[in-house]
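Next come the chains, spelled out residue by residue.
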Amino acid sequence: MADEGFRRLPDDVLMQILVLLPTSSRRRFRLACKRWRDMINEFTPERQVGANALAFMSQQRNCSRALVFDKKDGLRRHEWIYPCSHERSKIEMVGTCNGLLCLHETMASVGNGGGSFLSAITVTNLITSEALALPPAPRSWEQEQVRLPGKYSFGYHLTTGRYKVVHIPCGRRQAVSALQVFTVGDDAAWREVPVDTRPGVTYDLQCEPISVDGRTYWLDAFSDRMMALDLEDESVASFAAPPAARLGPIPEDAGWKLANVRGRLAVVVVAAAATARVEVWVRDGEGVLPHWTRRYDIAVKCPTESGAPLGAGSTVGGGRRLLHRHKVGGFTGDGPQLRAAEEPDL
């Protein structure tokens, strides 16, 4: 129940206080009492809450950049530069939550066996530029032999208000026996969370993990199971991957990645980069009758200067890369596919 002092405030005064809070905080305050929930739902519905687009550019031997574009006109509004600490290192973005960025700097070794001998995680605030460097995740003897940094994900749990960085250690044969978790602001060291839901848990080297709606997800090496870590109680569960991901060997010009679609876990399947055909499967009905729905079926038409289709990762004249955006509608089921119109460069 809300504090007695707040209960005495008129609705219009209380609403003026609530609208000043960040979106993430308002979501938490919805749980305080029925009055607060109804007021937040009525005056600040989620459909009115929009986020600006963030693009993160990672470049080796130089620096990485975070660019924010206005949600209305698509113009660049802000830019942040993150210089690498070494000429051979590279900074990539693990994830972003409520204006915080989680960055991962790695540096490839030059000796025999390749791998990586630098792996540093930093959580930074875009607005204040404050940064928190996390201690290095512990590495076992087996992980030292593999010489890979493993997989990282950055997540936020709504009801607890805690941010957590999850590390999936890189073991032999892509096996996962335990995760390493760091709670930002609470922990001084990484904690080990056993993965004992079933024997033979693995991870897909080509598919990055993602944190959505209070859970961290990753795809196993055989692409038939999805693994989930609950960021509240840190329990691990598994369930079937969408049908489109269970295709056996991945073609060279195809692949898939995990994504967040309107607060739901999604698997984006690229059937063939040459044709730019994309399917988006979304996990619906969590906790009731969870199931996968083919939410979007997209054919992106983006010609090059020569008129040929422009596939994922392609460039145009002079090696210049283009960033395009397109808003998809509410397509569901097996109806006609969406075709993305050409958009101006961002």
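Residues numbered from 1 in each chain as written. Predicted model: local features only at pLDDT ≥ 70, side-chain atom pairs only at ≥ 80, totals over all residues. Heavy atoms only, no water.

Taking an unreviewed UniProt entry as the reference, the protein chain is identified by name as F-box domain-containing protein belonging to Panicum virgatum.

Looking now at the overall build of the protein chain. Counting secondary structure elements, the protein chain contains five helices and 20 strands. Counting every position in the protein chain, which comprises 346 residues, the buried fraction comes to 40%. The contacts in the protein chain between residues at least 6 apart in sequence include a share of 40% that link residues at least 24 apart. Accessible surface for the protein chain amounts to roughly 19500 Å². Of this, 51% is attributable to carbon and sulfur atoms. (Helix = DSSP H or I, 4+ residues; strand = E, 2+ residues; numbered from the N terminus. Buried < 20%, exposed > 50% of the residue type's maximum accessible area, 1.4 Å probe, protein only. Contact = heavy atoms within 4.5 Å. Areas by Shrake-Rupley, 256 points an atom, 1.4 Å probe, with all protein chains shown as cover.)

Turning our eyes to something else, we now look at the nonpolar core. Buried together is how nonpolar side chains tend to be arranged in soluble globular proteins. Core analysis: the largest hydrophobic core is formed by 17 residues, its most contacted members being Y217, M226, F239, L258, L265, V267 and W292. In terms of residues, this core owes the most to one element, strand β17 (residues 264-272), which gives three residues. Listed in part, the 16 residues of the second largest apolar core include C97, I121, V123 and V165. (Core = buried A, V, L, I, M, F, W, Y, C linked by side-chain atoms within 4.5 Å.)

To continue, consider the environment of R173. Relative to the elements of secondary structure, R173 occurs in the loop between β9 (162-168) and β10 (178-183). Separated by 48 residues in sequence, R173 and A221 place their C-alpha atoms 9.1 Å apart.

To continue, consider unusual backbone geometry. Look at N98: it is not a glycine, yet its phi comes out positive at around 50 degrees. Among the secondary structure elements, N98 is positioned in the loop between β4 (89-97) and β5 (100-108). Of the residues examined, N98 reaches a relative accessible area of 42% and is grouped as partly exposed. For E234, which is not glycine, the phi torsion reads 60 degrees and is therefore positive. Tracing the backbone through its elements, the reader meets E234 in the loop between β14 (225-230) and β15 (236-240). Given a relative accessible area of 17%, E234 falls into the buried group.

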